[in-house]
Amino acid sequence: MNREYISLLIQAQLGDADSAIWTRDEIYDYLQEGYDDFTVRSKILWARTALNDVNGTATYALPTTFIEMDRVEKNYYALPPTTSRQQMLGNAYFKVTEGRPYTYLLEDDGLTTLRKVPIPSENATDFYIEYFKKGTPLTTDSVDLDIPTRYVRYLMFYTLAKCFERDGDGQDLALFEYWMKMYALGVEMVQQRRARYFAQRVGHLGTDNPRNGRLAAPGSLPPYFPIVR
Amino acid sequence: MTSTFAELKSRVSRRLNAGSFWTDSEIGTVVNDIYWEMCEESECYETDLTLTTTTTDTYYDLEDQDPIILTPHRVWNPATSKWLAIDYVRNLDKVCGRWGEAGAEPTAWFMRGTSMFGVFPRTTAAGTLLITGSAMPDVMVAETDTPVFPIQFHSGIVDGAVSVLKALERETKTAAKLYEVYAAKRSDLSWWVKQRASRAHLPVVGSRYGEAR
């Protein structure tokens, strides 16, 4: 589903098929805005991509759709993030030291730049980043949306809301509120869906599946607490 | 007793009192949209998915499967006849350093992002996993199709559809009022799904009552 198809649907729903009130470009703007807002707030899109080591290169541009880092991996090992302050305390020469990267920085070099520490001393293809991302920008009519089709209707709700919000002909603030409420439901559903899984994995005392590393701390009740009848 | 797709559309049309303003197809589309919204929010539909695993993939997108699994509940490995344990990537990083490299029959599963289903270890031979969980049902197509949830919640579909169509007619007050009714029925369905089975009470630290419900 691409922006042209969606905007035709929206214009039909607005009853403005000939663009007398809302132009096609205006609808495209709102749609893109809604697309970015939806993906950032719901974090629905997740990706894993290679960020290959280049001998002697410390900083690497993150993908343009990057929102938030989830995990970084080198040679199958997860790399912990660090801060410049921590590095300064441990190794004042961290910006010039070369070797095999064991940590990374997401500060001081710009918001969308990753610094590998130490600087890679050889080319390698085993460095991966896993991150939440925005969708591919809808710059042309041929670009399809990255989100599942059933969520596209929430982008339409956002676009409808924005059309009714703007000053001038067609403004209706009550409808703006209505469609924004419908849009918010879509964002909430995605957030809840992720939360359900994270709620499942948490063990409570009394459950039958205490995981490694999640056993009760010394001095607390045992994991197999008896059922009270 | 159930409400068929045809009956739901007819009830929406009658409530709109709009004659031929909305076509049967337009009403049907909105009815299905609301139906899916209720199903997704409440996770009322539960089914199995046979997932084909490969030797090269650790992650599988559940949105690309048929049916779409919303939340996996349990995973069964037919090759070992064992349930897979639920795990978490931070835990794997902690207890099993190069877990992404390992190859054997999967023993654990975990989620990444919203819909990426991960297995540990990555399988060494193509096989299948049986995932049981909440899923998206098929949309209603035939006139005799019925929603997957019980009839007492079917009026929520009608209220939701009428609300959306009234908003498109720019009858804002009616749309907003019906939205509240629809939201309440959605919430009712979600609560019913969560509480339809009564389970023995397991005491949790901080809970007030120790008696079985």
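Owing to the predicted nature of the structure, the values given are computational and were not obtained by experimental measurement. (Residues numbered from 1 in each chain as written. Chains lettered and ligands numbered in written order. Predicted model: local features only at pLDDT ≥ 70, side-chain atom pairs only at ≥ 80, totals over all residues. Heavy atoms only, no water.)

**Student:** What is the right way to look at the sheet that holds strand S4 (residues 77–79) of chain A in this model?
**Tutor:** Pairing between the strands of a sheet comes from backbone hydrogen bonds, and it takes one of two forms, parallel or antiparallel. Residue and element names in this part refer to chain A. With antiparallel pairing, 4 strands are arranged side by side in an open sheet as S1-S10-S3-S4. Sheet topology places strand S1 (45–50) and S4 at the edges, where each strand pairs with a single neighbour. The average angle at which neighbouring strand axes cross in this sheet is 30°, direction not considered. Inspection of the sheet shows strand S3 (residues 66–74) paired to strand S10 (residues 127–133) by 7 bridges, in the antiparallel sense. Looking at S10, one finds that Arg71 is bridged to Glu130. (Pairing = 2+ DSSP bridges. Helix = DSSP H or I, 4+ residues; strand = E, 2+ residues; numbered from the N terminus. Axes fitted to C-alpha atoms, helices over the stretch in contact; angles between N-to-C directions.)

**Student:** Even after reading the chapter, I still don't get the pairing of strand S6 (residues 108–112) of chain B, so can you show me in this structure?
**Tutor:** Each regular strand carries side chains that alternate between the two faces of the sheet. Residue and element names in this part refer to chain B. Burial runs high along S6: 5 of the 5 residues are buried. Here S6 shows no split at all, with Ala108, Phe110 and Arg112 on one side and Trp109 and Met111 on the other all buried. One ladder, built from 2 bridges, connects strand S5 (residues 85–86) with S6; its direction is parallel. From the neighbouring strand, Ala85 faces S6, where its bridge partner is Ala108. Note on the crossover from S5 through helix H3 (residues 89–95) to S6: the handedness is right-handed. (Buried < 20%, exposed > 50% of the residue type's maximum accessible area, 1.4 Å probe, protein only. Right-handed = clockwise from strand over helix to strand, strands pointing away.)

**Student:** What's the story with unusual backbone geometry in this structure? I'm lost.
**Tutor:** Backbone geometry follows two general trends: most residues other than glycine have a negative phi, and most peptide bonds adopt the trans configuration. At the junction of B:Asp66 and B:Pro67, the peptide bond is cis and its omega measures out at 5° in the coordinates. Following the sequence through the fold, B:Pro67 ends up in the loop between strand S2 (59–61) and strand S3 (69–77). Residue B:Pro121 follows B:Phe120 across a cis peptide bond; omega there is -10°. With respect to the helices and strands, the residue B:Pro121 is situated in the loop between strand S7 (116–120) and strand S8 (127–135). The phi dihedral of A:Lys43 is positive, around 50°, even though this residue is not glycine. Non-glycine residue B:Arg170 carries a positive phi angle of around 65°. Its location among the elements puts B:Arg170 in the loop between helix H4 (154–168) and helix H5 (172–195).

**Student:** Please clarify how the confidence of the model for chain A should be interpreted in this entry.
**Tutor:** A low pLDDT score tells you not to read the predicted coordinates there in detail. A residue-level look at chain A finds 86% of positions with pLDDT of 70 or above and a mean pLDDT of 86. When the criterion is pLDDT under 50, residues 202–226 of chain A qualifies, and its contacts beyond four places in sequence or with other chains add up to 30 contacts. (pLDDT = per-residue confidence, 0-100. Contact = heavy atoms within 4.5 Å.)

**Student:** I keep staring at the packing of helix H1 (residues 3–14) of chain A against helix H2 (residues 24–42) of chain A and nothing clicks. Help me out?
**Tutor:** Describing two packed helices takes the angle between their axes plus the distance from one axis to the other. All names here are of chain A. Where H1 contacts H2, the axes come no closer than 10 Å and their chain directions differ by 110°. Looking at the two axes, H1 sits roughly perpendicular to H2. Two secondary-structure elements touch here, H1 through Arg3, Glu4, Ile6, Ser7, Leu8, Ile10, Gln11 and Leu14 and H2 through Arg24, Ile27, Tyr28 and Leu31. When grouped by side-chain class, the residues that make up the contact of H1 with H2 number 7 nonpolar, 2 polar and 3 charged. (Parallel < 35°, antiparallel > 145°, perpendicular 65-115°, else oblique. Nonpolar A, V, L, I, M, F, W, Y, C, P; charged D, E, K, R; others polar.)

**Student:** Looking at this model, I keep getting lost on the environment of B:Gly100. Mind explaining?
**Tutor:** With respect to the secondary-structure elements, B:Gly100 resides in the loop between H3 and S6. For B:Gly100, a relative accessible area of 9% corresponds to the buried category. Other than its neighbours up to four places away in sequence, B:Gly100 contacts A:Tyr76, B:Thr58 and B:Arg122.

**Student:** Explain the state of the cysteines here, please?
**Tutor:** Linking two cysteines covalently via their sulfur atoms produces the bond known as a disulfide. One pass over the structure, following the stated rule, counts 0 disulfides over all chains. With no disulfide partner, B:Cys39 has as its closest neighbouring cysteine sulfur the one in B:Cys44, 3.9 Å distant. (Disulfide = S-S within 2.5 Å.)

**Student:** When you look at the pattern of salt bridges in this model, what are you seeing that I'm missing?
**Tutor:** All chains considered together, the criterion is met by 32 salt bridges over all chains. Notably, a salt bridge pairs B:Lys9 with B:Asp24, separated by 2.9 Å at the nearest N-O pair. Note that B:Lys9 is positioned in helix H1 (residues 5–16) and B:Asp24 in helix H2 (residues 24–42), a separation of 15 residues in sequence. According to the relative accessible area criterion, B:Asp24 is partly exposed, its value standing at 48%. Of the charged contacts, one joins B:Arg98 and B:Glu101 as a salt bridge, the two residues approaching to 2.8 Å between their closest N and O atoms. One network of salt bridges, with partners in common, ties together A:Arg48, A:Asp70, A:Arg71, A:Glu73, A:Glu130, B:Arg90, B:Asp93 and B:Arg112. (Salt bridge = Lys/Arg side-chain N within 4 Å of Asp/Glu carboxyl O.)

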